[in-house]
Amino acid sequence: MLLAGLKKISLILNTNTMKKIILTLAIIISAAVLLNANTLTVVPFNPIPIAENVIPDAVDPPDCWAIADEEEEMYCGYVGCSFFFWEQAYCACDPWQCD
Amino acid sequence: MKNILLLLFLANFQIGFCQTSATAVYKVEPITQHLLVNEDDDDLRSRAKINMLRSLELTADLEIIVKFNQDEYISYIDEGLPNDAINASDLRVAMAMLGPGVYYEKNNIKYHQIKTMGNNFIIKDDAPQKWTITKELKKIGNYTCYKAILDCAKCGFETIAWFSPEISATYGPVGNGDLPGLIIELNTRHLTIRMSKISFAKNPLNLKKPEKGKEITQAEFETMTNRVRSQARND
């Protein structure tokens, strides 16, 4: 049908060169259409799964006061034995309080 | 010949004994066994042990410098070169384990410059450390050392000093001293601090008293820190 249409046009144009050009173009377009059809892959529509908002188990913030006390006790024997050490142990655990 | 050798030996010993100006460097060996987490430890103790162990291991890279003249002394921690791989908070805890700040002493009055609670302080103290000297001896390097145990009612753990009367200085690392000879080794629950080298000076060293900070007494400082702790705990 396409060829017939083109032939009709070429008759209308009534020149040999034009005929050749139109035929060449028709072949190229047909080949391109065919090749494209072969390589076209159909991608099934799979909707992206909606991420489940998993709420993690509650994590308790460290009790820096208790940790610093514990470290101080291990360091020098009892809570209150070294303020310098206690202060640094606390700041290492909760640096925002010490900035 | 024997007499000449003996004279040379005595002269050498005498030179060493009379030296009253020197710079000593102390290395630190952390004792980590008791900080390993075991099954009986609850969560709090486990966390505390992990934190402490991380800091304690850093002490091995620190050195303590002691410089002294006959009646003047200074001691501080040498951090070495900055290392970005080391967490600054852990390093500060490590330094707190050793003895942070600058310790200075002149004519038996001690000054400890320290930054705490965001401010600089110079804590003044004239009370000497009290020790019980034992008959126990050991050789550390070239020095014969006597064992002394710190008399400290407030201390939770024992502190042992090995001092050598062969070096006539009443000093030691990070503010420890008041023994009839330089402290060559100090043993605490977590650390062994041992002198690794000493260089004697012919002329007195130029030691500067730390100036930066508000001067307060040891008693005033303890009152202040106790108040801060109790106030913060109640908040």
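Report follows, based on the coordinates. (Residues numbered from 1 in each chain as written. Chains lettered and ligands numbered in written order. Predicted model: local features only at pLDDT ≥ 70, side-chain atom pairs only at ≥ 80, totals over all residues. Heavy atoms only, no water.)

Looking now at helix α3 (residues 88–98) of chain B. Residues and elements named next belong to chain B. Among the 11 residues that make up α3, 9 are buried, leaving the element largely enclosed by the rest of the structure. Looking only at α3, the buried set comprises Ser89, Asp90, Leu91, Val93, Ala94, Met95, Ala96, Met97 and Leu98. Its side-chain oxygen placed 2.8 Å from the backbone nitrogen of Ser89, Asn87 serves as the N-cap of α3. A positive phi of about 135° marks Gly99, the residue just after α3. (Buried < 20%, exposed > 50% of the residue type's maximum accessible area, 1.4 Å probe, protein only. Helix = DSSP H or I, 4+ residues; strand = E, 2+ residues; numbered from the N terminus. Polar contact = N/O pair within 3.5 Å; in protein donor to acceptor, adjacent residues only side chain to side chain.)

Strand order across the open sheet formed by 12 strands is β7-β8-β9-β10-β11-β1-β2-β3-β4-β5-β6-β12 (chain B), with mixed pairing between neighbours. Taken across any chain shown, the strands that pair with only one partner, and hence form the sheet edges, are β7 (131–140) and β12 (214–217) of chain B. Pairs of neighbouring strands in the sheet enclose a mean axial angle of 25°, with direction left out of account. Bridge count for strand β1 (residues 22–30) of chain B against strand β11 (residues 191–200) of chain B is 9 bridges, and the pairing is antiparallel. Bridge pairing links Val28 of chain B to Ile193 of chain B in β11 of chain B. Across the face of the sheet, helix α4 (residues 83–93) of chain A comes into contact with β5 (109–116) and β6 (119–125) of chain B while running at roughly 15° to β5 of chain B. (Pairing = 2+ DSSP bridges. Axes fitted to C-alpha atoms, helices over the stretch in contact; angles between N-to-C directions. Contact = heavy atoms within 4.5 Å.)

This paragraph deals with the nonpolar core. Residue and element names in this part refer to chain B. If you look at the biggest cluster of nonpolar residues, it comprises 60 residues, and the most contacted ones within it are Ile64, Phe68, Leu182, Met195 and Ile198. If sequence neighbours within four positions are ignored, Leu182 has contacts with Tyr26, Phe68, Trp162, Phe163, Ser164, Ile167, Ala169, Tyr171, Gly172, Met195 and Ile198. Counting residues in each nonpolar core, the second largest holds 7 residues, with Phe121, Ile123, Ile216 and Phe221 among its members. (Core = buried A, V, L, I, M, F, W, Y, C linked by side-chain atoms within 4.5 Å.)

Residues and elements named next belong to chain B. Burial of β5 is extensive: 6 of the 8 residues sit out of reach of the surface. Where strand β4 (residues 102–106) hands over to β5, the hairpin turn is made up of 2 residues, of which Asn107 adopts a positive phi near 50°. Two elements, β5 and β6, share 7 bridges in a ladder whose sense is antiparallel. Bridging across to β6, His112 finds its partner in Ile123. Where β5 folds back on β6, the antiparallel hairpin that results is connected by 2 residues, among which Met117 adopts a positive phi of roughly 55°.

Before going further, it helps to spend a moment on the layout of surface pockets. Gaps left between atoms show up when a probe the size of a water molecule is rolled over them. Space inside the largest pocket adds up to approximately 1700 Å³. Cys81 of chain A together with Gln129, Cys152, Cys155 and Gln218 of chain B are, among the 50 residues lining the largest pocket, the residues nearest its centre. It is helix α4 (residues 218–234) of chain B that contributes the most residues to the lining of the largest pocket, 6 residues altogether. Class assignment for the residues of the lining of the largest pocket results in 26 nonpolar, 14 polar and 10 charged. In this structure, the second largest pocket encloses a volume near 960 Å³. (1 Å grid on protein atoms, 1.4 Å probe; cavity = no way out; pocket = protein on both sides within 12 Å on 5 of 7 lines; lining within 4 Å. Points joined across faces, edges and corners; volume = space filled by probe spheres on them. Nonpolar A, V, L, I, M, F, W, Y, C, P; charged D, E, K, R; others polar.)

For the rest of this paragraph, the subject is the pattern of salt bridges. Residues and elements named next belong to chain B. Per the stated rule, a full pass over the model turns up 14 salt bridges over all chains. Ionic pairing is found between Glu136 and Lys147, a salt bridge with its closest N-O pair at 3.4 Å. In this pair, Glu136 sits in strand β7 while Lys147 sits in strand β8 (residues 143–150), placing the two residues 11 residues apart along the sequence. Residue Glu136 is classed as partly exposed on the basis of its relative accessible area of 41%. According to the relative accessible area criterion, Lys147 is buried, its value standing at 15%. (Salt bridge = Lys/Arg side-chain N within 4 Å of Asp/Glu carboxyl O.)

Right, let's get into the interface of chain A and chain B. The interface is formed by 27 residues belonging to chain A together with 32 residues belonging to chain B. For the chain A and chain B pair, buried surface summed over both sides reaches about 2500 Å², with 64% attributable to carbon and sulfur atoms. Interface area lost by chain A to chain B is led by Met74, Phe83 and Phe84 of chain A, which between them contribute 29%. At the surface where chain A touches chain B, the tally comes to 3 salt bridges. One salt bridge in this structure joins Arg229 of chain B and Asp69 of chain A, with 3.6 Å as the shortest N-O distance. Elements with a contribution of two residues or more to the side of chain A that touches chain B: α3 (64–76) and α4 of chain A. Considering every element that reaches the side of chain A that touches chain B, the biggest residue donor is α3 of chain A, with 11 residues. Looking at the side of chain A that touches chain B, its residues break down into 16 nonpolar, 4 polar and 7 charged. (Buried area = accessible area lost by both parts, 1.4 Å probe.)

Residue and element names in this part refer to chain A. Applying the stated criterion to the full structure yields 3 disulfides over all chains. One disulfide bridge connects Cys64 with Cys93, the sulfur atoms lying 2.0 Å from each other. Sign of the S-S torsion, about -70° for the bond between Cys64 and Cys93, identifies this disulfide as left-handed. Taken together, the positions of Cys64 in helix α3 and Cys93 in helix α4 put the pair 29 residues apart, joining distant regions of the chain. With respect to class, Cys64 is no different from Cys93; both count as buried. (Disulfide = S-S within 2.5 Å.)

Time to look at the environment of Arg45 of chain B. Its place among the elements puts Arg45 of chain B in helix α2 (residues 43–58). Every residue in contact with Arg45 of chain B, bar those within four places of it in the chain, is listed here: Glu70, Glu73 and Met74 of chain A.

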